[in-house]
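Structural characterization, general
Spelled out from the first residue to the last, the chains are:
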Amino acid sequence: MTPTARPQGDGAGRDRTVPWFPDATVLGYPRIGPNRELKKAVEAFWAGRSELDDLLAALEALRRETRGRLARLGLPPGDGSIPGDFSAYDHVLDAATTLGAVPARFADLVGEDGMLDLPGYFALARGDGQRAPLELTKWFDSNYHYLVPEIGPDTPLRYGDDRLLFKFLEAAADGVTTRPVMVGPVTFLLLSKPAAGAPAGFHPLDRLDDAVAAYADLLRALGVAGAPWLQLDEPALVSDAWDVPRDRVLAATERAYAALADGLGRPERPALFVSAGYGPLGDALPVLARSAVEAVGLDLVRGALPPAAELATLAPKVVVAGVVDGRNVWRTDLDAALGLLERLRAGIGEGARVAVATSTSLLHVPHDAAREKHLSRELRGWLAFADQKVEEVLILADALARGREAVAEPFAEAAEARRARLAHPGVRTGVRERLAALDDTAFTRAPYPERRAAQQARLGLPTLPTTTIGSFPQTPEIRRARAAVRRGTLSEAEYRQAMRAEIERVVRLQERLGLDVLVHGEPERNDMVQYFAELLDGFAATEHGWVQSYGSRCTRPAILWGDVARRGPMTVEWTGHAASLTDRPVKGMLTGPVTILAWSFVRDDQPLGETALQVALALRDEIADLEAAGIGIVQVDEPALRELLPLRTAERADYLDWSVRAFRLATSGAPAHTQVHTHLCYSEFGAILGAIDRLDADVTSVEAARSRMEVLADIRRAGFGRQIGPGVYDIHSPRVPSVDELTELLEAAVAAVPPRQLWVNPDCGLKTRRYEEVTAALEHLVAAAHAVRATL
Ligand code: GLN
Ligand code: ZN
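Reading the values: rules and limits
Residues numbered from 1 in each chain as written. Chains lettered and ligands numbered in written order. Predicted model: local features only at pLDDT ≥ 70, side-chain atom pairs only at ≥ 80, totals over all residues. Helix = DSSP H or I, 4+ residues; strand = E, 2+ residues; numbered from the N terminus. Rg over C-alpha atoms; globule rule 2.2 N^0.38 Å. Contact = placed C-beta atoms within 7 Å. UniProt positions renumbered as here; feature names shortened; annotations may be inferred. Buried ≥ 20, exposed ≤ 12 C-beta atoms within 10 Å, placed from the backbone. Expected span 1.5 Å × (residues − 1). Pairing = 2+ DSSP bridges. Right-handed = clockwise from strand over helix to strand, strands pointing away. Axes fitted to C-alpha atoms, helices over the stretch in contact; angles between N-to-C directions. Domains from an automatic or database assignment. Nonpolar A, V, L, I, M, F, W, Y, C, P; charged D, E, K, R; others polar. pLDDT = per-residue confidence, 0-100. Core = buried A, V, L, I, M, F, W, Y, C linked by C-beta atoms within 7 Å. Near = placed C-beta within 6 Å. Arc of directions from axis to C-beta.

1. Some details on the overall build of the chain
Along its length, the chain carries 27 helices and 22 strands. In terms of overall dimensions, the chain is globule-like: its C-alpha atoms have a radius of gyration of 26 Å, near the 28 Å expected for 792 residues. Considered along the principal axes of its C-alpha atoms, the chain spans approximately 80 × 60 × 50 Å. Sequence separation of 24 or more characterises 77% of the internal contacts of the chain that already satisfy a separation of 6 or more.

2. Looking at the UniProt feature "binding site: L-homocysteine" (unreviewed entry) in the chain
Summarizing the sequence annotation, UniProt attributes the feature "binding site: L-homocysteine" (unreviewed entry) to Ile469, Gly470, Ser471, Glu522 and Asp637 in the numbering used throughout. The largest pairwise C-alpha distance within this set of annotated residues, which runs over 169 residues, is 12.9 Å, so the set is compact in three dimensions. Tracing the chain through its elements places Gly470 in the loop between helix H16 (448–459) and helix H17 (476–487). For Gly470, a count of 27 C-beta atoms within 10 Å translates into the label buried. Non-local contacts of Gly470, meaning those with residues more than four positions away in its chain, are made with Val519, Glu522, Met589, Gln635 and Gly765. Looking at the element boundaries, Glu522 is found in the loop between helix H18 (492–513) and helix H19 (530–535). According to the C-beta neighbour criterion, Glu522 is buried, with 27 such atoms within 10 Å. With residues near it in sequence (within four places) discarded, Glu522 still touches Gly470, Ser471, Met589 and Lys767.

3. Observations concerning helix H13 (residues 386–402)
With 17 residues, H13 extends 24 Å between its outermost C-alpha atoms, agreeing within 8% with the 24 Å of an ideal straight helix rising 1.5 Å per residue. Buried residues dominate H13, accounting for 12 of its 17 residues. Ala386, Asp387, Lys389, Val390, Glu392, Val393, Leu394, Ile395, Leu396, Ala397, Ala399 and Leu400 are the residues of H13 that are buried. Tucked into the core, H13 has its buried residues touching helix H2 (52–73), strand S12 (318–324), helix H11 (334–348), strand S13 (353–358) and helix H14 (408–423). Following H13 by one or two positions, Gly403 adopts a phi angle in the positive range, close to 95°.

4. Section: the pairing of strand S20 (residues 675–680)
Counting buried positions along S20 yields six of six residues, so the element is predominantly enclosed. Across five bridges, strand S19 (residues 633–637) lies against S20 in parallel orientation. The residue of S20 that forms the bridge with Gln635 is His677. Running through helix H23 (residues 652–667), the crossover from S19 to the neighbouring parallel element S20 is right-handed. Bridging between S20 and strand S21 (residues 699–702) involves four bridges; their strand directions are parallel. The residue bridging His679 from the neighbouring strand is Ser701, located in S21.

5. Describing the sheet that holds S19
Strand order in this open sheet of five strands is S18-S19-S20-S21-S22, and the pairing throughout is parallel. Of all strands in the sheet, those bounded by a partner on one side alone are strand S18 (587–591) and strand S22 (723–726). Pairwise comparison of adjacent strand axes, ignoring direction, gives a mean angle of 20° for this sheet. Where S21 lies against S22, four bridges are found, and the strand directions are parallel. Counterpart to Val702 in the pairing with S22 is Pro726.

6. With respect to the domain arrangement of the chain
Partitioning the chain into structural domains gives domain 1 (24–423) and domain 2 (450–791). Each of domain 1 and domain 2 has a C-alpha centre, and the two are 32 Å apart. Contacts between domain 1 and domain 2 engage 43 residues on the former and 35 residues on the latter. Looking at the side of domain 1 that touches domain 2, the elements that each hand over two or more residues are helix H1 (37–46), helix H4 (118–126) and strand S4 (136–138). By residue number, the principal contributor to the side of domain 1 that touches domain 2 is H1, which donates four residues. Of the residues assigned to the side of domain 1 that touches domain 2, the class counts are 21 nonpolar, 10 polar and 12 charged.

7. Concerning the sheet that holds S12
As summarised here, the arrangement of the seven strands in space is S3-S7-S9-S10-S11-S12-S13, forming an open sheet in which the pairing is parallel. Looking along the sheet, the strands with just one partner apiece sit at the ends: strand S3 (83–84) and S13. Here strand S11 (residues 295–299) pairs with S12 via five bridges, running parallel. Each residue of the ladder has a partner; that of Ala295, found in S12, is Val318. H13 contacts S12 and S13 of the sheet and is inclined by roughly 160° relative to S13.

8. Looking at the pairing of S13
For a regular strand, side-chain orientation follows a simple rule: the groups alternate between the two sheet faces. A large share of S13 lies buried, amounting to six of its six residues. Side-chain alternation along S13 places Arg353, Ala355 and Ala357 on one buried face and Val354, Val356 and Thr358 on a second face that is also buried. The sheet contact formed by S12 and S13 spans six bridges and is parallel. Residue pairing for S13: Val320 is matched across the bridge by Ala355.

9. Observations regarding the confidence of the model for the chain
In this model, the chain carries an average pLDDT of 94, and 98% of its residues clear a pLDDT of 70 or more. Considering only residues more than four positions removed or in separate chains, one finds that residues 1–14, a stretch of pLDDT under 50, has 23 contacts.

10. Quick word on unusual backbone geometry
A cis amide bond links Arg266 to the next residue, Pro267, at an omega of 0°. By the element assignment, Pro267 lies in the loop between helix H8 (246–262) and strand S10 (271–275). Positive phi, close to 70°, is recorded for Tyr278, a residue that is not glycine. Inspection of the secondary structure puts Tyr278 in the loop between S10 and helix H9 (284–290). By the C-beta count within 10 Å, which is 24 here, Tyr278 ends up buried. One non-glycine residue, Asp696, lies in the positive phi region at around 65°. One can find Asp696 in the loop between helix H24 (689–695) and S21.

11. What about the nonpolar core?
Counting 237 residues, the largest nonpolar core has Leu288, Val319, Ala321, Leu341, Val356, Val393 and Leu396 as its most contacted members. Looking at which domains feed residues into this core, each of domain 1 (24–423) and domain 2 (450–791) gives three or more. If near-sequence neighbours (up to four positions away) are discounted, Val319 is found in contact with Val296, Leu298, Leu314, Leu344, Ile348, Arg353 and Val354.

12. Observations regarding the site of ligand 1
Taken together, 13 residues sit near ligand 1, with Ile469, Gly470, Ser471, Pro639 and Gly765 positioned nearest. Its residues placed into classes, the shell around ligand 1 shows six nonpolar, four polar and three charged.

13. A few points about H2
The end-to-end C-alpha distance of H2 is 32 Å, a good match for the 32 Å that 22 residues give at a rise of 1.5 Å each. When we look at burial in H2, the residues that qualify are Leu59, Leu62, Arg63, Thr66, Arg67 and Leu70. Taken around the axis of H2, the buried residues stretch over an arc of 130°, which confines them to a single face. The exposed set on the far side of H2, more than 90 degrees from its buried face, consists of Asp53 and Arg72. At its buried positions, H2 is contacted by H1, helix H5 (163–173) and H13. Gly74, located one to two residues past H2, shows a positive phi value of around 125°.

Set out below in structure tokens:
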């Protein structure tokens, strides 16, 4: 099928024929598969249970099924409506490998053809015994994690890997013209970190021209293959919080797109659609408007309609309006969205060409709400997952073209669902009065010195106390037991018995290893958020609602639809059981309010800060119950504190205020002699160190191993006064660190932070690891702690 072409502009001697841009599209679609086919295929391969050919066939089948599903939902297969955004692990890693940007330590994996094979690609993602993988970090303010490319002055940046082209041709052979999707050059470089050994002052953005040259080669290759459109994602443009000045980001954008859009003519290259998502483009919009890119995407869910004067400058381009939320699961307010689209079209004025889209890739939402049969019909009727969102963009495009009356029925249905949702009694309950009655004392603990003394007296811990972050391996037996309860072949009582036995094993193991502060191991938790969501009013759990967290890892976020309240103790039975088995202190384990929100789909009918306080109140009651059960240490995990940090600096203070307030409401009921820990899953603190301090936790554990303790410099600079556990064992990789390696990291820690403030721990929970790895690594960790303790 040949897309309809239409001439555009005067072309200044160039062929400016722009291919037809579809009226409706999605910026990306979940890659994991409705039944987590991706996970199953790659994990079988990693475990040696399948051959490379099996994996390649499974990935191809998944891509084909996805294209087929999108076509069945109504996206035309012939015009580039269907995004070609599949990734076997991560789209940033895909961009890095497409550009040949393989770190020097992996250079030997690059074949003579300049390409990495799939096992080589996975080696960058996961490490391979001796070599550390690329660092894993949050993708903007989402719960997706990407692999951080490492770019130095000499890192190769050469188009050579034709993965993207291959996928386009594969689809074309099936009769589907996809729209390939890749991270754009500015975002790619801003997401990268300087390679080891790069000179001081070097920034990956210094390599802009080289990167752009590589993109240009990619564009030519796609042009030859006949790709009508290429989507270049530039979400980095919506953030003003990079380590380079905004001017430089804008100048890089201008330069990159001058080279790619003006520098190459059509049809030598595909038409370019630059999308951002995750917020408004702000002052990057005029830059893109001035460029010759053929389409620009606007996130109209997170960002308002740009001013009229700016809209008018977009006229010759296709404006791809992201009006369907790619980040949340609620059915779109179709009337509001259509109104926005009409205002956008009017604002652009003569020649406006508006396409309807999602605000971001649908990567962040599950596949299909229709499968959630166990939810009440009412709740299900409020939801739109990826497939429903595809339908919504199509309905909106239809309404924009033919008028609302022509598609009245879906509009009426959506309005009715919305009305029912707002009127539901569960969305406004008595918890509001309890919150309104709180005063400042509910947010304040005793002064730290007093707490420190009381805790030391109660716990009597050595210098450099050793502990873990909470979870121990979720073994196949544990998962099987949980599945059996769901199937009804194991009784609830038998399940609880099995979990108690598991807790006992974990306690004994920790005693044998010589850890100072024990945990119960969290065997009963399917997931650190879902577990609580299932026990709290106001949340609903999905059955099939998996979303990709990183690589093959998925989570099943709960849906927070109403006011939150605790029905009864949630963790006391398990933590209490562990404590009853040992004389050593046992640390209770809770998930913090921000993390519960960040990893759930949240209400869109009230500010997040309000919802956070409701969750905090429930946790506060839980801590009181743990306290009453004699638990002397409670950890409130907030790994997501940074994840939700607004991408625009102006919005940050407000966010940090409400998140700190929520944490403090949750924890400030704890008496002085109860030690409050928190755990944060990242190592870049710059922007939130002050907020972490204001959490007022007695002990904060953070991720540090992957970045080789870079975090210590920040901590020292900030003069952080309470205790800190910089994670020394990178649990994201199967590699077992040696005693020497751990000792070295601890020595670095001791050199940077007074030893009396230091804890020794892995950098996150152990649930994804195997016992072999964990036992050896913790043995080494304890040995290293003892070795360093002996030198103090
Ligand atoms: N306590 C949790 C665990 O150990 C913390 C996990 C996390 O930080 N993501 O699994
Ligand atoms: Zn963590």
